[in-house]
Amino acid sequence: MPIDEGWPRVARRAVAGLGVQPGELVQVRDQAGRPEVLVEMLLAVERAGATPWLEIEPPAYVRRLLAEGNPARLAGWDRHRGELVQRIDRVLVLGGDDLDVADAPPEAVAAWRAARHRVSEAEEARRLPFLLLAVPTAARARQIGMALADLEAAVLPAMAVEATTLRGEIDRILGRVVTGRTLTVHSGAGCTLHLTLAARPWMSDDGAIDAEDRAHGAIVSNIPAGSIYTTVLESATHGQLCLPQAGEACDVVLRFAGGRIADIAAASGADALRAMFDRHSGEPRRVSHIGIGLNPYLRQPLNWVLLDEHIHGALFIAFGENRYMGGANESSLNVDYTLPGATLLVDDQVVVRDGKVIV
């Protein structure tokens, strides 16, 4: 679709998927730093009869804030934001580049992260509908090795696809897995991971948070959408999981015991991955949820997790916080990784083989 038509259409899709109602206050959290995209989102919120509250958080902005801000003042970053969270009705996040604060002053980072976590806790307590929109940026395009216009042309159709179109494939696969009680993941190099659902329900992401989703505890959605996922019994996961990439780490093997990551090995970057888990509170080393991507417009990986986890047939796994989707794990961490070419069995039935849905 033409780029100039694509973003207005995606903005309308996002506002409808978030369920924005006239008279509401909607936080629009800009983490992408693309003014032309932000304007479309703000206009779409206003056209729905709601009022947008803009929060500016692109990585470059946050890095300057941490570098130039007083840690004692950053500790109070949430003072008014915590009050405003009690007034907002929904949250729309424009996700862009990853935030790298490795060079920022540690005291400033710690203070800001603690304040940001308190705001997130307040959002969680109120069960606010939350939609995360993937926004291509020039830096992301360079990282992938594409021109920004080419990246947008590749992803806008997957972002604009309507929920009703996604539901057909979602419902078909849900019908095959909904009665399952155990999951087995074969992720290569002899790695097999065993997970237990017990009575945990499968949920779906069609890019629209409706009353049924909220009744099941699912208050978060993505665009692009198209997936099914489930939390797992946090203490029962065991075995090994292979990840080609996990942040800075490559060719990672995670060994689980007692439901937690007990050991991390990697061809490179193992220490950085351990440090990432260690700096988070709660239980960051437990599985948050696992799912299958089902977006028909996404077929090739782009090394961008938010897109790649929605590729048709891709498996993805998350670690850390999952109470927002009905789980029981609390953590300041919430991170997803993709499992390209993996195989998934639900009970003894193969649902995905080598990255392809076969049911």
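This text follows the structure it describes.
Residues numbered from 1 in each chain as written. Predicted model: local features only at pLDDT ≥ 70, side-chain atom pairs only at ≥ 80, totals over all residues. Heavy atoms only, no water.

As a general feature of sheets, a regular strand has side chains that alternate between the two faces. Burial analysis of strand β14 (residues 315–320) places six of its six residues in the buried class, the great majority of the element. Taken together, the five bridges between strand β13 (residues 287–293) and β14 define a ladder with antiparallel strand orientation. Within β14, the position partnered with Gly 291 by the bridge is Phe 316. (Buried < 20%, exposed > 50% of the residue type's maximum accessible area, 1.4 Å probe, protein only. Helix = DSSP H or I, 4+ residues; strand = E, 2+ residues; numbered from the N terminus. Pairing = 2+ DSSP bridges.)

Among the seven residues in β13, seven count as buried, and that is most of the element. In terms of strand pairing, strand β9 (residues 227–230) meets β13 through four bridges, oriented antiparallel. Looking at the pairing, Thr 230 lines up with Ile 290 of β13.

Looking now at the sheet that holds strand β5 (residues 182–188). Taken in spatial order, the eight strands line up as β12-β11-β10-β6-β5-β16-β17-β18 in an open sheet, and their pairing is antiparallel. Both edges of this open sheet fall to β12 (260–268) and β18 (356–357), since each of them pairs with a single strand only. As judged from the two bridges shared by strand β17 (residues 349–353) and β18, these two strands associate in the antiparallel manner. Residue pairing for β18: Val 352 is matched across the bridge by Val 357. Along the sheet, helix α9 (residues 163–177) contacts β16 (343–346), β17 and β18; its crossing angle with β17, the most-contacted strand, is approximately 145 degrees. (Contact = heavy atoms within 4.5 Å. Axes fitted to C-alpha atoms, helices over the stretch in contact; angles between N-to-C directions.)

Together, Leu 54, Ile 56 and Tyr 61 give the surface a local cluster of nonpolar side chains, amounting to about 250 Å² of exposed area. Turning to its location among the elements, Ile 56 is positioned in strand β2 (residues 51–56). Taking the relative accessible area as the measure of exposure, Ile 56 reaches 33% and is therefore partly exposed. (Patch = residues over 30% accessible without salt bridge, like charges linked within 9 Å, V, L, I, M, F, W, Y side chains within 5 Å. Areas by Shrake-Rupley, 256 points an atom, 1.4 Å probe, with all protein chains shown as cover. Salt bridge = Lys/Arg side-chain N within 4 Å of Asp/Glu carboxyl O.)

As a further point, take the sheet that holds β13. If you trace the five strands from one edge of the open sheet to the other, you get β7-β9-β13-β14-β15, paired in antiparallel fashion. Either end of the sheet is taken by a strand with one partner, and the two such strands are β7 (202–205) and β15 (334–339). For this sheet the average axis-to-axis angle between neighbouring strands, irrespective of direction, equals 25 degrees. Here four bridges tie β7 to β9, and the two strands are oriented antiparallel to one another. Across the sheet, Ser 204 pairs through a bridge with Ile 228, a residue of β9.

Before going further, it helps to spend a moment on the nonpolar core. Of all hydrophobic cores here, the largest spans 46 residues; its most connected members are Leu 241, Leu 254, Leu 273 and Phe 319. A per-element tally of this core places α9 first, with five residues. Contacts of Leu 254, omitting those with residues within four sequence positions, involve Gly 239, Gln 240, Leu 241, Leu 243, Ile 261, Asp 263, Ile 264, Leu 273 and Phe 319. The next biggest cluster of nonpolar side chains, apart from the first, holds 35 residues, and it includes Ala 11, Val 28, Ala 134 and Leu 302. (Core = buried A, V, L, I, M, F, W, Y, C linked by side-chain atoms within 4.5 Å.)

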